[in-house]
Amino acid sequence: MRPLLTRLRWAALALVPLAILLAVAAAFLFMRQGGLEPLRVPDGGATAIAAEPALVERGAYLARLGNCLTCHTTRGGTPYAGGRGFATPWGTLYSSNLTPDAATGLGDWSLDQFRHAMRHGVTEEAGFLYPAFPFANFALLTDPDLEALYAFLRTQAPVRAPQRPDTLAFPAGSRGAILAWRMLFHRPRAPFEPRPDRSAAWNRGRYLVDGVGHCDMCHGERGAFGSLPADRYMAGGRIPGEGWYAPPLGRQALARYGVDELAQFLRTGVSPHGAAYGPMAEVVYSSLRALTPEDAQAMAVYLKDIPDRPRTAYAGIVGGTRAGELAADGRRLYARHCAECHGADGRGRGLDYPPLAGNPSLAEGHPVNTVRMVLYGGVPPVTAGNPRPYSMPPFAHQLSDAEVAAVVTYVRQAWGNRGGAVSPDQIEDLRGLPLQ
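Basis of the calculations
- Residues numbered from 1 in each chain as written.
- Predicted model: local features only at pLDDT ≥ 70, side-chain atom pairs only at ≥ 80, totals over all residues.
- Heavy atoms only, no water.
- Axes fitted to C-alpha atoms, helices over the stretch in contact; angles between N-to-C directions.
- Helix = DSSP H or I, 4+ residues; strand = E, 2+ residues; numbered from the N terminus.
- Parallel < 35°, antiparallel > 145°, perpendicular 65-115°, else oblique.
- Contact = heavy atoms within 4.5 Å.
- Core = buried A, V, L, I, M, F, W, Y, C linked by side-chain atoms within 4.5 Å.
- Buried < 20%, exposed > 50% of the residue type's maximum accessible area, 1.4 Å probe, protein only.
- Salt bridge = Lys/Arg side-chain N within 4 Å of Asp/Glu carboxyl O.
- UniProt positions renumbered as here; feature names shortened; annotations may be inferred.
- Pairing = 2+ DSSP bridges.
- Left-handed = near helix turned anticlockwise from the far one by under 90°.
- Nonpolar A, V, L, I, M, F, W, Y, C, P; charged D, E, K, R; others polar.

**Observations concerning the packing of helix H2 (residues 53–65) against helix H6 (residues 143–153)**
Reasoning step 1: Here H2 crosses H6 at 95°, and the two axes come no closer than 7 Å. The angle between H2 and H6 places the two elements in the roughly perpendicular class. Judged by residue contacts, Leu55, Val56, Arg58, Gly59, Ala60, Leu62 and Ala63 of H2 engage Pro144, Asp145, Glu147, Ala148, Leu149, Ala151 and Phe152 from H6.

Below, the structure written as structure tokens:
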């Protein structure tokens, strides 16, 4: 035993120079690619900006599309005063106060400091911000749009609301650890530049999707330590802390939508191909329903042109005879509880009952969304285009774990769907997910 331990110690020591070399190389690349720029926080002092109605109105529109109110407001709290918690694998982060309070908000921030924080995620008070704040997306925003956002936020009533301390485990609880994370996973980005080989609508759509909309924060597949690798852009994945799965976006994933249908979905939360539930319903209600028709159309044009990424398929953990038994049981349960609304053929009915047949967000990827809908039900957002949405009733009190597994397995495999089977043990685990 002792010679083995000795060899392991020497092997560990031999890795130390390699780790140091990798750290030096990462730091060199970080600095060469603009990594020092975030350290240069501009001087403070509120910037006097004429609160022209058009400028403030544009800032309000951008804040709505960026969903700033939702993230920076506690439930039932004062708008933009911060304090909303965001669960991560390492603990909980709390959003900051965006009102123009001099002591606890943005009251003594200059426009340059605001731009710097938005583009680099660095402030004088807090240092490096955690990447739960999508500064990598907001870096694309143009100077005029950042000025409009700044002007809008300064029109809010100042609220004294000190920053609530984050509750993160070591080493994530140390903001110095974020510097190491940035060296590995983040490079500063320049403001958006239109591509001359693309249409005006495509460019506007990309600006909204990748910039203020930060859609990849949910729909991108996460890599190591919560990073968003470029090769997994819009590839779909579990939303951190939410207990939901954000489906892939792109040419194949959105092929069943026409541009007009997708634009309608973004503004209303419903379409002939599916409806928004869970976090997407919240985004539509609090943000996307404010889209102008032109901007919704532009986003649809861009989203439908995103190149497809290889999908991380969910194969399931049940196979063979047991999978067949679950599907057979599920067919009987579906006929009893679901067919009246969604149809025996799974095609749904109009905008009220979404189709299940050929629905990739239901049949592909992780089954958590389907399980949650069966257990707890859901309702699309109330919008001008869908003022009286139809809700999905919950079945958690009616169906056992085995029955939920059966009906979810059936709808994931019926009518040509290609989803994996789901086990009762998984249903037991998923019952404990947060209901938000």
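**A short note on the nonpolar core**
Reasoning step 1: Formed by 52 residues in total, the largest nonpolar core has its most connected members in Phe114, Leu141, Leu149, Val209, Leu291, Met299 and Leu303.
Reasoning step 2: Residue assignment for this core shows that the elements contributing at least two residues are H2, helix H4 (111–120), H6, helix H8 (200–212), helix H10 (259–268), helix H11 (278–286) and helix H12 (293–303).
Reasoning step 3: Per element, the largest residue contribution to this core is 7 residues, and it comes from H6.
Reasoning step 4: Setting aside anything within four residues of it in sequence, one finds Leu141 in contact with Met118, Arg119, Leu146, Leu149, Pro191, Tyr207, Gly211 and Val212.
Reasoning step 5: One finds Leu356, Leu399, Val408 and Val422 within the second-largest nonpolar core, a separate group that totals 29 residues.

**Some thoughts on unusual backbone geometry**
Reasoning step 1: The omega torsion of the bond from Phe170 to Pro171 falls at 0°, within 30 degrees of zero and hence cis.
Reasoning step 2: Following the sequence through the fold, Pro171 ends up in the loop between strand S5 (167–168) and helix H7 (176–185).
Reasoning step 3: One non-glycine residue, Phe225, lies in positive phi territory at about 55°.
Reasoning step 4: Assignment of secondary structure puts Phe225 in the loop between helix H9 (216–219) and strand S6 (237–238).

**Some points on the pattern of salt bridges**
A side chain with one charge may pair with a side chain of the opposite charge, provided their charged atoms come close.
Reasoning step 1: All told, the structure shown has 15 salt bridges when counted by the stated rule.
Reasoning step 2: Close ionic contact of Arg115 with Asp112 constitutes a salt bridge, the shortest N to O distance being 3.6 Å. A residue pair is termed a helical-turn pair when its members lie 3 or 4 positions apart in one helix, as Arg115 and Asp112 do in helix H4 at 3 residues.
Reasoning step 3: One salt bridge in this structure joins Arg204 and Asp295, with 2.9 Å as the shortest N-O distance. Here Arg204 is found in helix H8, whereas its partner Asp295 is found in helix H12, with 91 residues between them in sequence.
Reasoning step 4: By relative accessible area, which is 29% here, Arg204 ends up partly exposed.
Reasoning step 5: Each of the salt bridges in this network shares a partner with another, and the network as a whole consists of Asp112, Arg115, Arg119 and Asp143.

**Section: helix H16 (residues 368–376)**
Reasoning step 1: Within H16, 8 of the 9 residues are buried, leaving the element largely enclosed by the surrounding structure.
Reasoning step 2: Every buried residue belonging to H16 is among Val368, Asn369, Thr370, Val371, Arg372, Met373, Val374 and Leu375, and all of these are buried.

**Section: the UniProt feature "binding site: heme c 2" (unreviewed entry) in the protein**
Reasoning step 1: In this numbering, the UniProt entry assigns the feature "binding site: heme c 2" (unreviewed entry) to Cys215, Cys218 and His219.
Reasoning step 2: When its relative accessible area of 31% is taken as the criterion, Cys218 is described as partly exposed.
Reasoning step 3: In contact with Cys218, not counting residues within four places along its chain, are Gly237, Ile239 and Ala246.
Reasoning step 4: Mapped onto the fold, His219 is located in helix H9.
Reasoning step 5: Among all residues touching His219, those that are not within four sequence positions of it are Met234, Ala235, Gly236, Ala246, Pro247 and Leu249.

**Regarding the pairing of strand S2 (residues 91–94)**
Reasoning step 1: Where strand S1 (residues 85–88) and S2 come together, 4 bridges link them in antiparallel fashion. Bridge pairing in S2 links Gly85 to Tyr94.
Reasoning step 2: Counting the residues in the hairpin turn of S1 and S2 gives 2 residues.
Reasoning step 3: Across 2 bridges, the pairing between S2 and S5 is antiparallel. From the neighbouring strand, Gly91 faces S5, where its bridge partner is Leu168.

**With respect to the sheet that holds S2**
Each strand in a sheet pairs with another by means of backbone hydrogen bonds, the pair being arranged parallel or else antiparallel.
Reasoning step 1: Read from one edge of the open sheet, 3 strands run S1-S2-S5, paired in antiparallel fashion. On the outer flanks of this sheet lie S1 and S5, each paired with one strand and no other.

**Quick word on the packing of H16 against helix H17 (residues 401–413)**
Reasoning step 1: It is the contact of H16 with H17, at a shortest axis distance of 10 Å, that shows an interaxial angle of 130°. Classified by the angle between their axes, H16 and H17 sit oblique to one another. By crossing handedness, the relation of H16 to H17 is classed as right-handed. Here Thr370, Val371, Val374 and Leu375 of H16 lie close against H17, whose contacting residues are Val404, Val407, Val408 and Val411.
Reasoning step 2: Its residues placed into classes, the contact of H16 with H17 shows 7 nonpolar, 1 polar and no charged.

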